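Residues per chain are reported as follows:
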Amino acid sequence: MDNQTMPMTNTSSYTKVQYLQRQAASLLLYQSVLQGEVGMAFLELLQAIRYTDADARGCLQAYGSYFYALAARNQNWEDYLISQLLFSKNPFTKVAEVREFQDLPPALVAAVQHDLQILQSLYECSSASLSEWIQSVAHMPISPVVWYKDQELVGVETKFTTYLQELDNWGDAVEGLATYYRQYGSGLFAEYRALRWQAGQFIGIRYSDPVKLSALVGYESQRDALLKNTEFLLSGEMALHVLLYGSRGSGKSSLVKSLLNEYSNRRLRLLEVSKSDLKDLPEIVEHLRGVSQKFIIFVDDLSFEEDDDAFKALKVVLEGNLTARPQNVVVYATSNRRHLIREFFVDRSAPKDNEEIHAWDTMQEKLSFSDRFGLTLTFEPANQKTYLNIVQHLAAQAEINITQEDLEFQALQWATRHNGRSGRTARQFVDFLKADLTLFHANNNTSNT
């Protein structure tokens with residue numbers, strides 16, 4: 001029986017556990033693989049069972065923590081290890097993203113070979129093996145329940161997993177791993193398509209808005225202009241910063257979010273920055289400089305008050321300074337206000353003796369701030385024809401089967417009673433109508449049976 005699967009009945013098995021501990025401790029670049037909750041639970045479990053006189057109660061508790069951590073992530077140990085390897089951020093991944101393999105420092109390549117061999121030995125230490133070891137240590141009649149689920153790695157992760165499984169020595173996978181990082185990136189920006197800046201750090205958004213470009217209708221010229229500018233960004237050209245200005249519910253935010261679902265496979269990332277965090281914008285941009293992915297910094301519902309630090313920070317990013325602007329970053333902002341800085345009638349009065357001498361110059365700077373965006377897309381309020389077109393489009397996608405006359409009548413009634421004609425109102429109406437019809441048919445079927 002292989003050492004990986006034999007019950008812990010002799011000294012050699014304890015030696016195997018201690019060997020795995022030394023292996024894990026000797027990682028040079030990929031320490032982060034074992035620093036998450038699952039990795040730490042795995043190491044604590046090895047620590048609990050490393051001695052022949054190990055405390056049975058402590059071993060069972062450590063195994064329970066390990067099982068819980070895997071179940072919470074809904075991942076097998078093997079899948080977890082692979083995903084952590086692919087999404088790791090370390091000196092090798094950073095260089096591999098931007099250089100060809102033959103140009104990588106030999107010391108880094110050697111270190112990765114070393115770490116991959118270690119990770120292979122940890123990968124082969126399955127949850128089933130650990131369960132059997134716990135059974136032996138705790139003198140249990142049967143082994144503890146093993147956490148297992150069908151493999152759910154998707155796309156390139158599945159391909160890379162298969163590639164590793166076919167290798168006798170993972171140390172031979174360095175070039176393949178470098179190619180992966182060069183193509184897909186590494187770290188948080190490889191793991192998540194959508195992120196937000198919060199409390200001075202990037203936070204991944206696991207479940208981003210699923211809105212698709214095909215669901216949006218009614219503002220085709222604005223959509224086409226935004227798509228063309230986004231294509232510039234993805235192609236490495238100097239794309240423009242964009243202001244999407246217009247009435248409430250016209251679909252400005254949805255249009256920006258839909259770009260992620262259209263282009264994420266081309267390494268587009270959407271980074272949400274709230275107005276309160278705009279003061280950090282120059283710092284954010286510097287973090288993104290040189291990263292292999294392309295970024296849309298998304299600022300929703302933008303407006304400023306007098307002497308707002310966020311205004312100054314955004315102005316620096318839009319206009320630039322002595323530092324060159326990175327070509328992989330643009331700002332897409334939405335606003336209901338054409339003039340982004342609030343202006344009062346008193347601002348237009350003649351300056352008094354104790355006020356700024358060039359007050360009108362300051363006022364003009366405020367009024368023209370939106371002009372600093374290279375592209376401004378205007379979303380007019382939806383007229384009745386546009387509103388009904390949106391309703392019909394969404395109803396067709398939702399497969400709502402009622403007459404066009406009835407659909408339009410109910411849609412207009414809904415707009416009158418709720419928030420007026422807009423894309424948002426159309427979406428709310430169609431969602432309500434679909435749920436209502438589904439419930440109606442379910443009740444009918446129940447009563448018939």
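Residues numbered from 1 in each chain as written. Predicted model: local features only at pLDDT ≥ 70, side-chain atom pairs only at ≥ 80, totals over all residues. Heavy atoms only, no water.

Enquirer: Any details on the overall build of the chain? Residues and values, ideally.
Expert: If you tally the helices and strands in the chain, you get 18 helices and seven strands. Once local pairs closer than 6 in sequence are excluded, the contacts in the chain between residues at least 24 apart make up 77%. Carbon and sulfur atoms make up 50% of the accessible area of the chain, which totals about 23,300 Å². (Helix = DSSP H or I, 4+ residues; strand = E, 2+ residues; numbered from the N terminus. Contact = heavy atoms within 4.5 Å. Areas by Shrake-Rupley, 256 points an atom, 1.4 Å probe, with all protein chains shown as cover.)

Enquirer: Tell me about the pairing of strand β3 (residues 242-246), and please be specific about residues and values.
Expert: Most of β3 is tucked away: four of the five residues are buried. The sheet contact formed by β3 and strand β6 (residues 329-335) spans four bridges and is parallel. When the bridges of β6 are listed, Leu244 appears paired with Thr334. Where β3 and strand β7 (residues 375-379) come together, five bridges link them in parallel fashion. Bridge pairing in β7 links Leu244 to Leu377. (Buried < 20%, exposed > 50% of the residue type's maximum accessible area, 1.4 Å probe, protein only. Pairing = 2+ DSSP bridges.)

Enquirer: Pulling in residues and values, what's your account of the side chain of Ser88?
Expert: Along the chain, the position of Ser88 falls in the loop between α4 (77-87) and α5 (91-98). Using a relative accessible area of 2% as the deciding quantity, one classes Ser88 as buried. Only 3.1 Å separates the side chain of Ser88 from the side chain of Asn90, close enough to count as a polar contact. In this view, Ser88 contacts Tyr30, Ser32, Thr93, Ser186 and Gly187; residues no more than four positions away in its chain are not counted. (Polar contact = N/O pair within 3.5 Å; in protein donor to acceptor, adjacent residues only side chain to side chain.)

Enquirer: Kindly report on helix α14 (residues 309-319), identifying the contributing residues and their values.
Expert: The periodicity of an α-helix, 3.6 residues per turn, causes residues three or four places apart in sequence to face the same way. Three or more residues of α14 are buried, namely Ala310, Phe311, Ala313, Leu314, Val317 and Leu318. All buried residues of α14 project into a common sector of 165 degrees when viewed along the axis, lining one side. Elements in contact with the buried residues of α14: α13 (281-288) and β6. (Arc of directions from axis to C-beta.)

Enquirer: With reference to specific residues and values, describe the nonpolar core.
Expert: Core analysis: the largest hydrophobic core is formed by 58 residues, its most contacted members being Tyr30, Trp77, Phe92, Leu122, Leu130 and Leu177. With nine residues, helix α6 (residues 106-123) is the largest single contributor of residues to this core. If we skip the residues at most four places from it in the chain, Phe92 touches Leu29, Tyr30, Leu104, Leu108, Val112, Val174, Leu177, Ala178 and Tyr181. With 26 residues, the next largest nonpolar core counts Leu243, Leu278, Phe295 and Phe373 among its residues. (Core = buried A, V, L, I, M, F, W, Y, C linked by side-chain atoms within 4.5 Å.)

Enquirer: Explain the side chain of Gln23 residue by residue, including any values.
Expert: Inspection of the secondary structure puts Gln23 in helix α1 (residues 11-25). Residues within four places of Gln23 in sequence aside, it is in contact with Ile118 and Ser121.

Enquirer: Give a description of helix α17 (residues 404-417) that names residues and reports values.
Expert: Compared with an ideal rise of 1.5 Å per residue, which puts 14 residues at 20 Å, α17 spans 20 Å between its outermost C-alpha atoms and is within 8% of the ideal. Within α17 the residues assigned to the buried category are Leu407, Ala411, Trp414 and Ala415. Taken around the axis of α17, the buried residues stretch over an arc of 95 degrees, which confines them to a single face. With respect to the buried face of α17, the exposed residues turned more than 90 degrees away are Glu405, Phe409, Thr416 and Arg417. (Expected span 1.5 Å × (residues − 1).)

Enquirer: Give me the packing of α4 against α6: which residues, what numbers.
Expert: Two numbers describe how α4 lies on α6: the axes approach to 10 Å, and their chain directions differ by 160 degrees. The pairing of α4 with α6 is recorded here as roughly antiparallel in orientation. Seen from above, α4 lies across α6 with right-handed handedness. Listed contacts from α6 to Trp77, Glu78, Leu81, Ile82 and Leu85 of α4 are Leu116, Leu119, Leu122 and Tyr123. Counted by class, the contact of α4 with α6 contains eight nonpolar, no polar and one charged residues. (Axes fitted to C-alpha atoms, helices over the stretch in contact; angles between N-to-C directions. Parallel < 35°, antiparallel > 145°, perpendicular 65-115°, else oblique. Left-handed = near helix turned anticlockwise from the far one by under 90°. Nonpolar A, V, L, I, M, F, W, Y, C, P; charged D, E, K, R; others polar.)

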